[in-house]
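Structural overview
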Amino acid sequence: MNAPTPRENLQGLDLLAEIKRLKKERNAVILAHYYQKPEIQDLADFVGDSLELSKRAAETDADVIAFCGVKFMAETAKILSPQKTVILPDMAAGCSLEDACPPGKFKAFREAHPDHIALTYINCSAEVKALSDIIVTSSSAETILSKIPPEQKIIFGPDRHLGGYLSRKFNRDMLLWPGVCIVHEAFSETELLKLKAQHPGVPVAAHPECPPHIIDHADYVGSTSGILQYAQTMKGDTLIVATEPHIIHQMEKAESTKTFIGAPGADGNCACNICPYMALNTMEKLYLALRDLQPQIHLDETVRLGAKKSLDRMLEMASGTVGKGDLGRA
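Not measured: the values here are computed from a predicted model.

**What to know about the nonpolar core**
Core analysis: the largest hydrophobic core is formed by 105 residues, its most contacted members being Ile30, Leu119, Ile144, Met251 and Leu290. Membership of the second largest hydrophobic core comes to seven residues, among which are Cys101, Ala118, Ile155 and Trp177.

And the structure:
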């Protein structure tokens, strides 16, 4: 017999009240990435970028971290808080960038280029982090790259668009791993130009995971935190946003008098700019995860320590960038 779905199992339950009750009973902290549904963002203790959330959770006295995000983010929380129980509402919430960079292939690639160091975007598995020299975020990559001697050869993975953006901006020749974010890859230049024509003079803020043909039209390039900050400090009252559209919820909460328009994907009619992995997390699954303390994140200690070493290197070189998200203007 098939197991009942969470919705069938929990019909009539006051999920918000039950989540609050379980959070208290479990001494849990709830984290929500900016790309989560608004109802999850609104009940979370902290909303933010992935590393920022993991650092904030590590600073609490919580016994349990409920990470409403994707698997690599929950792994990062476990790397920084090994003594805490880390749960993810849906273990199938993965990432196309992580999927594009299997540890075995990345290890072989590194071994084929022994004179290169590996700057690896945080959107990867714990195993790949352990195989890397320095982890970077979209907010810290620029600072870290500026501290690496120009003669040092670099592998950058798994996001070729972020790596390409940095390579062009700093005139650094890097070996780029061929991964992409399926959400940012989906934005359409044609549809963006149509939108810009409908809103003359309105600036565009884009995430550096976007391909060059989107970045080229951006007035500001930065991480989700950086785009949120730009939305709050820009002089105009309208902004076109080229990243996963659930960030707009936080923008509207912070700047209720401004208008935020999500950049379109494909033909302008699809919902392909919504992350399908982030969407797997629901209130029902969060309730069940807190109730059952499952699914849990478990990491091999050797892998965890290796991954922590590359994360610590990033924090040593660019600790002030965590949560800032600013890569500057395009």
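There is more to say, and it comes next.
**With respect to helix H15 (residues 247–254)**
Listed in full, the buried residues belonging to H15 are Ile247, Ile248, His249, Gln250 and Met251. Where the residues of H15 are buried, they touch helix H3 (38–43), strand S2 (46–48), helix H14 (224–233), strand S11 (238–242) and strand S12 (259–262).

**Overview of the packing of aromatic side chains**
On inspection of all chains with the given rule, the structure shows three aromatic pairs. One aromatic cluster is present, formed by Phe106, Phe109 and Trp177 through successive ring pairs.

**Brief notes about the sheet that holds S11**
Strand order in the open sheet made by the four strands is S10-S9-S11-S12, with parallel pairing throughout. Strands with a single pairing partner mark the edges of an open sheet, and in this sheet they are strand S10 (220–221) and S12. Sheet topology note: the strand S9 (residues 204–206)/S10 ladder contains two bridges and is parallel. Paired with alanine 205 across the strands is tyrosine 220, a residue of S10.

**Some thoughts on the pattern of salt bridges**
Summed over the entire model, instances satisfying the criterion amount to 16 salt bridges. Sharing partners across several salt bridges, the network here consists of Glu18, Arg21 and Glu25.

**Here's the deal with the sheet that holds strand S3 (residues 64–68)**
Read from one edge of the open sheet, four strands run S2-S1-S3-S4, paired in parallel fashion. Each edge of the sheet is formed by a strand with only one pairing partner; in this case those strands are S2 and strand S4 (85–87). The mean angle between the axes of side-by-side strands here comes to 20 degrees, regardless of whether they run parallel or antiparallel. As judged from the three bridges shared by S3 and S4, these two strands associate in the parallel manner. Residue pairing in the sheet places alanine 66 in a bridge with isoleucine 87 of S4.

**Thoughts on the state of the cysteines**
Per the stated rule, a full pass over the model turns up zero disulfides. Distance from the sulfur of cysteine 101, which forms no disulfide, to the nearest cysteine sulfur (cysteine 124) is 6.7 Å. No disulfide involves cysteine 275; its sulfur sits 6.6 Å from the nearest other cysteine sulfur, which is in cysteine 181. Under the relative-accessibility criterion, cysteine 275 is labelled buried at 10%.

**Some words on the environment of aspartate 312**
Counting through the fold element by element, aspartate 312 comes out in helix H17 (residues 301–318). In this structure aspartate 312 comes out as partly exposed when scored by relative accessible area, which is 24%. Sequence separation between aspartate 312 and leucine 80 is 232 residues, and the spatial gap between their C-alpha atoms is 9.5 Å.

**Here we look at the side chain of glutamine 296**
Counting through the fold element by element, glutamine 296 comes out in the loop between helix H16 (283–292) and H17. Engagement of the side chain of glutamine 296 in a polar contact is seen with the backbone oxygen of leucine 293, the distance being 3.2 Å. When neighbours within four sequence positions are excluded, glutamine 296 is seen to be in contact with Thr85, Val86, Ile87 and Met91.

What counts as what
Residues numbered from 1 in each chain as written. Predicted model: local features only at pLDDT ≥ 70, side-chain atom pairs only at ≥ 80, totals over all residues. Heavy atoms only, no water. Core = buried A, V, L, I, M, F, W, Y, C linked by side-chain atoms within 4.5 Å. Buried < 20%, exposed > 50% of the residue type's maximum accessible area, 1.4 Å probe, protein only. Helix = DSSP H or I, 4+ residues; strand = E, 2+ residues; numbered from the N terminus. Contact = heavy atoms within 4.5 Å. Phe/Tyr/Trp six-rings, centres within 6.5 Å; stacked < 30°, edge-to-face > 60°. Pairing = 2+ DSSP bridges. Salt bridge = Lys/Arg side-chain N within 4 Å of Asp/Glu carboxyl O. Axes fitted to C-alpha atoms, helices over the stretch in contact; angles between N-to-C directions. Disulfide = S-S within 2.5 Å. Polar contact = N/O pair within 3.5 Å; in protein donor to acceptor, adjacent residues only side chain to side chain.

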